[in-house]
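Now for the letters of each chain:
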Amino acid sequence: MKKFETEIAIIGAGSAGLSAAIQAASAGAKVLVIDENKRPGGQLFKQIHKFFGSQEHKAGIRGYHIGEELLRQVEESGAEVMLDSLAYGLFPNLQMGLIHQGKAAVVEAKKYIIAAGAKENYLAFPGSTLPGVMGAGAAQTMININRVLPGKKIVMVGSGNVGLIVSYQLMQAGAEVVSLVEAADKIGGYAVHAGKIRRAGVPILTSTTIKRILGETEVTGVELVDLDSSFAEIPGSERIIDCDTVCLAVGLNPMTELAWMAGCQFEYLAPFGGHVPLHDENMETTVPGVYVAGDVTGVEEASTAMEEGNLAGIAAAEALGYLTPADAAEKKQAVYHRLAVLRSGPFGEGRRQLKQKQLAAMETYKKKMGGAAVQ
């Protein structure tokens, strides 16, 4: 069995993993980035819209351009990126099982950074297994990466930023979004995104859900139903609209399998997507030498994932002696400041409170275990 040895192994070549690689490799550490896909960059290369925020958070730059810049910096840093490689296990002895280009292999590293991201949630209702029902992220991959239109008449379920942005991008690709359906009584995403699709003529139906999908071998329509304040169906409100595709944008779930296998301690935080690993301010988990970054720590935004990746890369490099405590502290403070900005305001304050709860749970665990992060 082939063995790969490195100082820092990073699982996931998305925004968090690439950012961690840049920081650690630029400091002098030997870094190996592992990703199961054929190309690096993660979700960034599906994001053709411009980012919000400040200049330091890449405001006004399209996601795929940010991805291209990260890849350029990774190449310059000297980090190695290994694609077509599936990490299937991180074991208590901190060896990692790998399927590399179809063959079994093992990775041995001094530090691990899990930046595996998140996967889409789905809804189950009559007809939900028909061809033509897919996650919004899958539809986004089809149009922005593979240049394939998933359907001509689309119903989007979910009014968070993903549902709003992908709806607009589907229209840009030539599809008709006949309706956006939201079970809650208000839109979940940014008003600027909702305004764009409303101006394009797409009705956003709040307090509404899909009762069933019509069709025998493919989607031919959906039956919608209104919901009351308790999310119960209102009898007599059913109506049918024609469509050939249903996209589900109903949240993400952190891909925490490797952290579970390594023995990390978790806490359940529903707004972060479910069970998330405890970590300290260095992004280190309850298992010494195992760090986390990005959506695997709790689903947020790409800008936040990049900053958490920066933090994990700095901390891992410092732990290996490639950065002095003073230099590392200066770099970390800059990241903490940028994260504080991202987690402020009406949309960020809730995420800031959740992250504080996550960090506090880690401190409680460390005190319980005698003041040190142990497995």
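Further up the page is the structure itself.
My aim in this report is to walk through the structure given alongside it, one point at a time. (Residues numbered from 1 in each chain as written. Predicted model: local features only at pLDDT ≥ 70, side-chain atom pairs only at ≥ 80, totals over all residues. Heavy atoms only, no water.)

1. Looking at helix α4 (residues 161-172)
Using the following cut-off: Numbering of helices and strands runs from the N terminus, with a helix taken as a DSSP run of H or I at least four residues long and a strand as a DSSP run of E at least two residues long. A helix's residues, less one, multiplied by 1.5 Å, set its expected span. Relative accessibility thresholds used throughout: buried, under 20% of the residue-type maximum; exposed, over 50%; partly exposed, between the two (1.4 Å probe, protein chains only). Whether two residues touch is decided by their heavy atoms; if any such pair falls within 4.5 Å, the residues are in contact.
Relative to the 16 Å expected for twelve residues at 1.5 Å per residue, α4 spans 16 Å between its end C-alpha atoms, a close match to the ideal helical length. Those residues of α4 lying buried are G163, L164, I165, V166, S167, Q169 and L170. Looking at the buried positions of α4, the neighbouring elements they touch are α3 (136-144), β9 (153-157), β10 (176-181), α5 (191-199), β11 (204-205) and β15 (245-248). A positive backbone phi angle near 110 degrees is found at G174, which sits one or two residues after α4.

2. Details of the pattern of salt bridges
What counts, and what does not: By definition here, a salt bridge exists when the distance from a side-chain nitrogen of Lys or Arg to a carboxyl oxygen of Asp or Glu is within 4 Å.
Evaluated as defined, the whole model comprises 18 salt bridges. A salt bridge links R72 to E69; the nearest nitrogen and oxygen atoms lie 2.4 Å apart. Of this pair, R72 and E69 both sit in helix α2 (residues 63-77), three residues apart, which is roughly one turn of that helix. A residue is classified by how much of its surface remains accessible, and E69, at 29% relative accessible area, is partly exposed.

3. Topic: the environment of I34
On the secondary structure map, I34 appears in strand β2 (residues 31-34). In the structure, I34 is positioned 81 residues away from A115 in sequence and 9.8 Å away in space, judged by C-alpha atoms. Contact partners of I34, with chain neighbours within four places excluded, come to I10, I11, G12, A13, M82, S85, M96, L98 and V107.

4. Overview of the nonpolar core
This is how the line gets drawn: We define the nonpolar core as a collection of buried residues of types Ala, Val, Leu, Ile, Met, Phe, Trp, Tyr and Cys that are connected through side-chain atoms lying within 4.5 Å of one another.
Formed by 34 residues in total, the largest nonpolar core has its most connected members in I8, I10, V31 and I113. Of all the elements in the fold, those that place two or more residues in this core are β1 (2-11), α1 (15-26), β2, α2, α7 (302-319) and α8 (325-342). Setting aside anything within four residues of it in sequence, one finds I8 in contact with A24, A29, K30, V31, L32, A109, K111, I113, A316, A317 and L320. Formed by 25 residues, the second largest nonpolar core is a distinct cluster that contains F4, A9, L98 and V292.

5. Side note on the pairing of β10
For clarity, the threshold we go by: Two strands pair if DSSP finds at least two bridges between them.
For β10, a buried count of five out of six residues is recorded, marking the element as mostly surrounded by other parts of the structure. Of the strand pairs in this sheet, β9 and β10 are connected by five bridges, and their pairing is parallel. Along β10, the bridge assignment pairs V155 with S179. As defined by bridge partners, β10 adjoins β11 across two bridges and the pair is classed as parallel. Each bridged residue has a counterpart across the sheet, and for V181 the counterpart in β11 is L205.

6. Description of the sheet that holds strand β13 (residues 221-226)
As a reminder of what qualifies: In this analysis an axis means a line fitted to C-alpha atoms, helices contributing only their contacting stretch, and an angle means the value between N-to-C directions, from 0 to 180 degrees.
Within the open sheet, the three strands sit side by side as β12-β13-β14. Their pairing is antiparallel. Only two strands of the sheet have a single neighbouring strand rather than two, namely β12 (208-214) and β14 (239-242). Within this sheet the neighbouring strands show an average axis-to-axis angle of 35 degrees, counted without direction. Of the pairings in the sheet, the one linking β12 to β13 comprises six bridges and is antiparallel in character. In the strand pairing of β13, R212 is matched with E223.

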